[in-house]
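Listed here are the chains, written in short residue letters.
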Amino acid sequence: MIQRPNIIFIVADDLGFADLGCYGGRDAAFGPVSPVLDGLAARGMRFTDGYANSPVCSPTRFALMTARYQYRLRGAAEEPINSKSRGSATLGLPPEHPTLPSLLRAAGYRTALVGKWHLGYPPAFGPLRSGYEEFFGPLSGGVDYFTHCDSRGTHDLYSGDEEKAEHGYLTDLFSQRAVDYVERMGGQEAPFFLSLHYTAPHWPWETRDDADVAPQVSDNLFHLDGGNIETYRRMLHHMDEGIGWVMAALEKKGIVDNTLVVFTSDNGGERFSDNWPLVGGKMDLTEGGIRVPWIAHWPAMVPPGSESAQHCMTMDWSATMLDAAGVPPDAAFPPDGISLLPVLRDPAARFPRSLHWRMNHRDQRALRDGDWKYLRVDGNDYLFNIPADARERANRARREPERLAAMRADWEAWNATMPPIPSDATVSLGYSAKDMPQR
């Protein structure tokens, strides 16, 4: 009988589908970019058709926390929540809503968030109000890696509810704090749930050696005049190293075998990401905006070197973690996520899974059902066979009008079960075609 596992949920920020070596990513000038994550995939399970709940950060995090479609909550209609919402009592994750950490905590798990929150600001919202016992990280979407200030110049690094001044490179601070948590909690009678939500490789483009860049971007963290592929890859490598420190801590405590470590990204890649062979990126419902790396490492359960083509999205990880812990969802908030535990046990296991998305930005909608994907962008409807055409270049809509009509009707029926997009919902774009050419 496998005991209830410890769980570490690692989420990267704006990671491209092919940024990691195990997803086809190329080496950097300094060598392999992601040897630790590549090793976790080799010793665990790699999903080829794993998706984010949204192509932008905070909506995905609503789904991650609730195991439900993010569209059910008002705050998730923001694309994304921005720093102007400080003090809002509506734009955030309601503390009364059951969450993955609150349900686990009620069942005896110790819980902590190290890293990005991005689900609303105090006093109405915050990690300690939504199930986490401990919190270390920023509340907003993006902060400088050295000053730890947000896009408005406000210092944004907290320990619990208290603002915390720390010296150091943010990615390393997260990794070190995660190691400390494993060392404190590992081996105790109660299992632990650790959310390790990096800001890497989100802008600004700063490696450990780029402290001199911080003053240059203090008035615009989008860093539109900086960065390059090598800097981006080095930022990924710093994150990968930190994950290696966490894995070493699990080994040291003797608990790695019965710890479920999950790695994914909140959405597809941004300007320096490698999304090959996919098209688009962050903010797009084309594959490059929503298909992301998915890795599961759990030696007591997951066969090493396994791969799955099961269709799944972020909220399925949340349902899986509850299932693995033997914790039922709140009956008043039934999950939209589906547990992947049978797939983790047997990589050959598959079940039908239709996936739905919508975006206020560019009036986008998408449905993935089997091999087919229905997509609408700017009022144009498309139909793609994804296994045959992952780049979504061969539009089959005119050739197969009946299939298009059926999938459109499916999406419309699903959308009718969700609250409409509020008229005051905002779309926050950091740059446009005036700053760089469109993809």
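Structure: above.
Residues numbered from 1 in each chain as written. Predicted model: local features only at pLDDT ≥ 70, side-chain atom pairs only at ≥ 80, totals over all residues. Heavy atoms only, no water.

1. Focus: the sheet that holds strand S15 (residues 372–377)
Note the following rule: Here, strands pair whenever DSSP counts at least two bridges between them. Strands here mean DSSP runs of E at least two residues long; helices mean DSSP runs of H or I at least four residues long; both are numbered from the N terminus. Axes here refer to lines fitted to C-alpha atoms; in helices the fit is confined to the stretch in contact. Angles between the N-to-C directions go from 0 to 180 degrees. What makes two residues a contact is simply this: any of their non-hydrogen atoms within 4.5 Å.
The sheet built from four strands is open, its strands ordered S13-S14-S15-S16 with antiparallel pairing. Both outer strands of the open sheet, strand S13 (355–359) and strand S16 (380–385), are each paired with one neighbouring strand and no more. Neighbour-to-neighbour, the strand axes of the sheet open up by a mean angle of 10 degrees, direction not taken into account. Of the pairings in the sheet, the one linking S15 to S16 comprises six bridges and is antiparallel in character. Of the residues in S16, the one forming a bridge with Trp372 is Asn385. Against the sheet, helix H9 (residues 401–415) makes contact with S13, strand S14 (364–369), S15 and S16, and its axis sits at roughly 110 degrees relative to S14, the strand it touches most.

2. Some points on the packing of aromatic side chains
Inclusion rule: Working definition: a ring pair exists when centres of Phe, Tyr or Trp rings (six-membered ring for Trp) sit within 6.5 Å. Plane angles under 30 degrees give stacked, over 60 give edge-to-face, the rest tilted. Whether a residue is buried, partly exposed or exposed follows from its accessible area with a 1.4 Å probe, protein chains only, as a fraction of its type maximum: under 20%, in between, or over 50%, in that order. Any Lys NZ or Arg CZ found within 6 Å of a ring centre and within 35 degrees of that ring's normal is scored as a charge over the ring.
Applying the stated criterion across every chain yields a total of 19 aromatic pairs. Each ring, one from Trp205 and one from Tyr232, has its centre 6.1 Å from the other, and the planes form 65 degrees; the classification is edge-to-face. Pair noted here: Trp205 is in the loop between strand S8 (192–197) and helix H5 (229–253) and Tyr232 is in helix H5, with a separation of 27 residues, a long-range link. Residue Trp205 is classed as buried on the basis of its relative accessible area, which comes to 3%. Ring pairing ties together the aromatic residues Tyr69, Tyr71, Trp411 and Trp414, which thus form one cluster. One Lys or Arg, Arg46, reaches over the ring of Tyr23 and ends 4.7 Å from the middle of that ring.

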